[in-house]
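Now for the letters of each chain:
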Amino acid sequence: DVKVTQSSRYLVKRTGEKVFLECVQDMDHENMFWYRQDPGLGLRLIYFSYDVKMKEKGDIPEGYSVSREKKERFSLILESASTNQTSMYLCASSRLAGGSYNEQFFGPGTRLTVL
Amino acid sequence: SQQGEEDPQALSIQEGENATMNCSYKTSINNLQWYRQNSGRGLVHLILIRSNEREKHSGRLRVTLDTSKKSSSLLITASRAADTASYFCATVLRNSGNTPLVFGKGTRLSVIA
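Residues numbered from 1 in each chain as written. Chains lettered and ligands numbered in written order. Predicted model: local features only at pLDDT ≥ 70, side-chain atom pairs only at ≥ 80, totals over all residues. Heavy atoms only, no water.

**Things to note about the environment of Asp51 of chain A**
Residues and elements named next belong to chain A. Topologically, Asp51 is positioned in the loop between β5 (42-49) and β6 (56-57). Measuring from C-alpha to C-alpha, the distance between Asp51 and Cys23 comes to 15 Å, with 28 residues separating the pair along the chain. Not counting residues within four places of it along the chain, the set of residues in contact with Asp51 comprises Glu30 and Arg68. (Helix = DSSP H or I, 4+ residues; strand = E, 2+ residues; numbered from the N terminus. Contact = heavy atoms within 4.5 Å.)

**A few points about the sheet that holds strand β3 (residues 19-25) of chain A**
All names here are of chain A. Reading across the sheet, the four strands line up as β1-β3-β8-β7 and stay open at both edges, with antiparallel pairing between neighbours. Both outer strands of the open sheet, β1 (4-6) and β7 (64-70), are each paired with one neighbouring strand and no more. Taken pair by pair, the neighbouring strands of this sheet meet at an average axis angle of 20°, ignoring direction. Looking at chain direction, β7 and strand β8 (residues 73-78) are connected through five bridges and run antiparallel. Considered in β8, the bridge of Ser67 is made with Ser75. (Pairing = 2+ DSSP bridges. Axes fitted to C-alpha atoms, helices over the stretch in contact; angles between N-to-C directions.)

**Focus on the pattern of salt bridges**
Residues and elements named next belong to chain A. Under the criterion given, the structure shown has nine salt bridges over all chains. Measuring nitrogen to oxygen at the nearest pair gives 3.1 Å for the salt bridge that ties Lys71 to Asp28. Within this pair, whereas Lys71 is found in the loop between β7 and β8, its partner Asp28 is found in the loop between β3 and β4 (31-38), the two being separated by 43 residues in sequence. By relative accessible area, Asp28 is classed as exposed at 53%. The network of salt bridges with common partners includes Arg36, Asp38 and Arg44. (Salt bridge = Lys/Arg side-chain N within 4 Å of Asp/Glu carboxyl O. Buried < 20%, exposed > 50% of the residue type's maximum accessible area, 1.4 Å probe, protein only.)

**Describing unusual backbone geometry**
The peptide bond linking Asp7 of chain B to Pro8 of chain B adopts the cis configuration, its omega dihedral lying at 0°. With phi around 60°, Asp28 of chain A is a residue other than glycine that occupies positive phi space. Not every positive phi belongs to a glycine, and Lys70 of chain B is a case in point at roughly 50°. Along the chain, Lys70 of chain B falls in the loop between β7 (61-66) and β8 (71-76).

**Comments concerning the state of the cysteines**
Residues and elements named next belong to chain A. A full pass over the atoms with the stated rule returns two disulfides over all chains. The disulfide partner of Cys23 is Cys91, and the S-S distance across this bridge is 1.8 Å. Disulfide Cys23-Cys91: torsion about the S-S bond near -75°, hence left-handed. Here Cys91 lies in strand β9 (residues 87-94) and Cys23 lies in strand β3, a separation of 68 residues in the sequence. Here the two residues Cys23 and Cys91 agree in accessibility, since each one is buried. (Disulfide = S-S within 2.5 Å.)

Put into structure tokens, the structure is as follows:
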């Protein structure tokens, strides 16, 4: 059974803390993505990566960075957490086939609260 | 940047009825996908329809695509309480290079037993 796992389901951090959200996939997918989901705003892409050590900014990269040292792992980093980063964070992965993006497999999400 | 917009934002039906959700998008697409999200969980892929296809079926799901109107619809027949979820359309832009899926804001479906 294919899987995308995220390190925590729920996380509470304080303003100014450095926060690491980890995502691991076991499908040997080239592409990995980080989204945040907020009520009324849908899913917004933060960063994505189409290969090891490669990263591309999404729609809302400010305040975030990412790391992809291994193909199966994609980390989202909040350098200095702020209250407006309280959100549900979703990781996803997909194959890159024929130059087109195919179905994405999502992790269960991490609900982050920044106090 | 939102490409797809689902309509309606929320839908409430009785068990056994059919549910129809619509998605409109702005620019040419390579394919369009529908996803389901149960409350507080990750999204699950339901079905993919390519730009040269007009209709696709998967179990109780039927998806149509009208590229001339830049719209798609998702029909769930004989709905069940377990179909209660949010449904999102996502588009892959034509000639978008490395640009990934763009998701709409979703339709929240409630199926009442």
